[in-house]
Amino acid sequence: MPSMINMTTSDRIFQLLLICILLIIPQLCFSQIQWPEITPQNKPWTRWWWMGSSINEKDVSDLLETYKEAGLGGVEITPIYGVAGYEEHFIPYLSDKWVQKLTFTFKEAARLKLGVDMATGTGWPFGGPWIGAEEASKYVAYKTYTLNAGQRLNERVVYLQQPLVRAVGNQIYESYGIYKLNGEKIHGSRQNPLLKENSKPIDISDIKEPITANKNLQALALDQVRFEKSLPLQTLMAYSNQGEVLNLTDKVNDEGNLDWTASDDKWTLYAVFQGWHGKMVERAAPGGEGYVIDHFSQEAIRVYLEKFDQALTTKDISSLRSFFNDSYEVDDASGQANWTPELWDEFGQRRGYDLREHLPALFGNDAEDKNKAVLSDYRETISELLLENFTQPWQEWAHGKDAIIRNQAHGSPANILDLYAASDIPETEGNEVLRFKFATSAANVAGRELVSAEAATWLNEHFTSTLSDVKEAVDRFFLGGVNHIFYHGTNYSPQQEEWPGWLFYAAVHFSPSNPLWADLDALNTYIAHTQSFLQMGHPDNDILLYYPVYDYYAERGNELLRHFDGFEESDKSSFKNNVNLLQKKGYAFDMISDKQLQKVTYAEKSLVSANNLYQTIVVPNCEYMPLNTLQKIMQLAEGGASIIVHRALPASIPGLRKDNLEEFRKLKAQLYFKKQSNGIQEATVGQGRIIMGNNFERLMSYASVRREVLVDQGLQFVRRVNDNQHLYFLKNQGDKPLEGWVPIQATGQLVAIYDPMRKKSGLASVRNTKNRTLEVYLQLAPGESCILQTFPNSFSASTFPYYQVVGKAIPLEGSWSIDFMKGGPTLPSSINTSTLRSWTALKQDEIDKFSGTARYSLNFPLPSGEYEALRLDLGTVKESATVYLNGEVLETLLGPNYSITIDRNKMMLVNKLEVEVSNLMANRIADLDQRKVGWKKFYNINFPARLSENRNANGLFDASQWSPKPSGLMGPVTLTPLNKMKL
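All values reported here derive from a predicted model rather than from experimental measurement.

Peer 1: Can you lay out the nonpolar core for me, pointing to particular residues and giving the numbers?
Peer 2: Counting 238 residues, the largest nonpolar core has Trp48, Ile207, Leu222, Val225, Tyr378, Ile485 and Met700 as the members making the most contacts within it. It is helix α8 (residues 368-399) that provides the largest number of residues to this core, a total of 11 residues. Ignoring anything within four residues of it in the chain, the contact list for Tyr378 reads Asn338, Leu343, Phe347, Leu355, Leu362, Leu560 and Leu561. Counting 32 residues, the second largest nonpolar core, distinct from the first, contains Phe820, Tyr898, Leu913 and Leu969.

Peer 1: Which residues make up the sheet that holds strand β27 (residues 674-675), and what are the values?
Peer 2: Taken in spatial order, the seven strands line up as β21-β20-β25-β26-β29-β28-β27 in an open sheet, and their pairing is mixed. Of all the strands in the sheet, just β21 (589-592) and β27 have a single pairing partner and so form its edges. Note: strand β28 (residues 681-685) against strand β29 (residues 688-693), five bridges, orientation antiparallel. Residue Thr684 lies in a different strand from β29, and its bridge partner there is Arg689. Of the strands in this sheet, β20 (543-546), β21 and β26 (642-646) touch helix α14 (residues 574-585), which is tilted by about 160° from β20. Sitting on the sheet, helix α16 (residues 627-639) is in contact with β20, β25 (616-619), β26, β28 and β29, with an inclination near 120° to β29.

Peer 1: Explain the pairing of strand β50 (residues 974-980) to me, and be specific about the residues and the numbers.
Peer 2: Across the seven residues that make up β50, a large majority, five, are buried. Pairing of strand β39 (residues 810-811) with β50 involves two bridges; the strand directions are antiparallel. Within β50, the position partnered with Ile810 by the bridge is Leu975. Both strand β43 (residues 869-873) and β50 contribute to a ladder of five bridges, which runs antiparallel. Within the sheet, the bridge partner assigned to Ala869 lies in β50 and is Leu978.

Peer 1: Please set out the pairing of strand β46 (residues 888-893) residue by residue, giving values where relevant.
Peer 2: For a regular strand, side chains alternate in direction, first toward one face of the sheet and then toward the other. Two strands pair when backbone bridges link them, and strand β45 (residues 880-885) and β46 are joined in this way by five bridges, in the antiparallel orientation. Opposite Ala881, over in β46, you have Leu893 as the bridge partner. The turn joining β45 and β46, which pair antiparallel and follow one another in sequence, is formed by two residues; a positive phi near 55° is taken by Asn886.

Peer 1: Requested: an account of the sheet that holds strand β23 (residues 606-609), with residues and values cited.
Peer 2: One open sheet accounts for three strands, arranged β22-β23-β24; its pairing is antiparallel. At either end of the open sheet lies a strand with only one pairing partner, and these are β22 (601-603) and β24 (612-614). Within this sheet the neighbouring strands show an average axis-to-axis angle of 40°, counted without direction. Pairing of β23 with β24 involves three bridges; the strand directions are antiparallel. Each bridged residue has a counterpart across the sheet, and for Val608 the counterpart in β24 is Leu613.

Criteria and cut-off values
- Residues numbered from 1 in each chain as written.
- Predicted model: local features only at pLDDT ≥ 70, side-chain atom pairs only at ≥ 80, totals over all residues.
- Heavy atoms only, no water.
- Core = buried A, V, L, I, M, F, W, Y, C linked by side-chain atoms within 4.5 Å.
- Buried < 20%, exposed > 50% of the residue type's maximum accessible area, 1.4 Å probe, protein only.
- Helix = DSSP H or I, 4+ residues; strand = E, 2+ residues; numbered from the N terminus.
- Contact = heavy atoms within 4.5 Å.
- Pairing = 2+ DSSP bridges.
- Axes fitted to C-alpha atoms, helices over the stretch in contact; angles between N-to-C directions.

Given below as structure tokens:
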């Protein structure tokens, strides 16, 4: 290179530019492996329970700062029941004072750059004291009468509603039953809770009408109330043996007397009445107690939301991101909410006939085929009403306030795929990946960027869930396609409140009073790093699996309505079997409804839904399919799509009216199937084809549907695509370490590995397969997860380190000092020990009851030998640990694996190891219960146990019989020499 002294000005400029380019290019190449910048949306959020709305501004500010420091990205405000002793601090819901506290919270959250959602109500479902009888949920009741020719009806056409009251305040509401363990016997039920010992259940005579006339509704904790009253007649229909149908409603006077004589035939009369379901808002906050709305009535949701308009219209709510609905949950009571006053008209307009003319079939008393058809039409109508008269108007209302909706659609008597798709952020909950798939499928098919989950609702008994348990639950949501975690939840609790503060009745307790809060930021960081990838790009699924909802609509059960909440154990359908096989065998799929399928197009050799690309549509073996769905499938095939049909195309169209049945059959008859190998049949349709066969796996193979065979190695995955990159979230679901080459169904030149728990990244060792896809070398302990990112081009970057053991494990021995740092009820004195064991094994009273954090310290020499790194294994830890070496923090370990790889260059000749271990709340809680300290002081359900053995005589959680749970660093602690592997 020539000297710059002898160069012209232009030469110098060129030389400087060249130097800059040479310096910048490597940086640009290296920067291709980089962690996305973390935003509040990437971080986990939490449901923020406002008990009694007894909040003050100082605590709001301080708590929000605490949550931000712990790594939370936002809160969802949900007011619930209050705390005994704080009645003077209750703030009535939507009062001027309550709204002032709300808007202050918005401002503080904005200052801290925290997101805010809020429930559209208190507790759940939607309802309140401003909901009257006209807007409240309703049910249908009926009576039948038989008349022979020439007879008149001697009895009055009346229906007396029987009184009913369910009051959580006077009973054990066994909500734990829905989370029961395998084999656990439930003694009560949600419909008929087990009475508290020696308690007198509240009687309907104790309740005044209207509900708002009753004092101390917080203490009553009413869950369902029906007063004895005569129900209004909706219709009286007469059906003759010869098939004649008469509407006799106008022949019934106000006293219920029928003025009609049966003609020459035998007649059956059906009288239909409107009942008041009586469902109350569960866990209502002060000022939120009242009836639940009629979810099928657009007028009911209008009246309900009008109250929010009055409270919020002139207020600054610009910091609010979304309004939230905490699931349907109307029918976890006695009887169903299965009626709305406009049903006759709505049904007629939508189904094209008068439901009143077919009441015997509706109630299951006609020919079986007709029973199924009419029931299907009824359920479809209810489904549409829930979508069009509740979900969509609520969403439109929220959008009018520059907000969106977050919605839990599961449990609804509707096609929940359509309800989820109509939500800006669909939200799921529970423990099963296949249940999550309903929300995530709808989100993917509708092009929603986020799908959230109510996470860690009640993993174990109170105070026994670890951060490792929470991570396992969160990973399960990730594998189901969720990318926006909400903890359930964090209680607002005044800072001056005695430990443990205010707690919600379900575990897990994400609260600063929990010792594990000290290490929660490590879990939150893991979730944020993972979600930063899972919120990028688009889902990369191959199959659109048709959801045969009409088969479910036609399947009669014990009730008129069927609630859709995932898969029931009793479900033996082909659809469920298909879903299980697809999941087990590593096929990436989304479920799709008839309504959603109408928006799918075919272009450039792919099925397209909301800019997401799919390879095929799979039709499970089902009986019913609407004509327009079959037409759409045929249209897509004609354009070039491959359609897979398991066993056979549906035999018929749903519902009673079969006007289109002949056209449906003709459309099917156009298909000419030719036999192929392995029992496969194929019909050419335009530029595409329909493939049919009995063996589901052979169908997938014949159609060359992409399968991630990595599931055969014990891995589970979720896959996304971001421009020309593929993103994988992988988890070792097995009980053994995974080490070796793992195939991925993606192409590219390079693959980066990201470890979101340790925030380590680098280029993976990769090799090409015969079909031009990739194999990646992975080392994953049981329960560990990682993210893979493919790159289409080569570049230079650091490699991800792989290690192999080159020596025996060396036990760390010597005198450990144990210093109790924070927690209570008191801080035990420091201890020195040469034997690691649970600190409760020391049999010291102040230690047995201690919940908090202790620091273990040990000095040790540098192990001799040739090695590049050491694996520090802490052995058994109860429960989480932050590790320091020579004053430098290394990692926080949540379990179940407690090991760290340490480069040799971090070691000194003599080293100081410090391990800060936090245990559970359990031991301190047990001490409170043994001393009969009254910390369980909450209205409504108070504090129930999940397991029956942990209930006292009052039906509440009681830990007084618990032995101290193992706590601390129990070892053995070892160092194992490692060298980097060269692959």
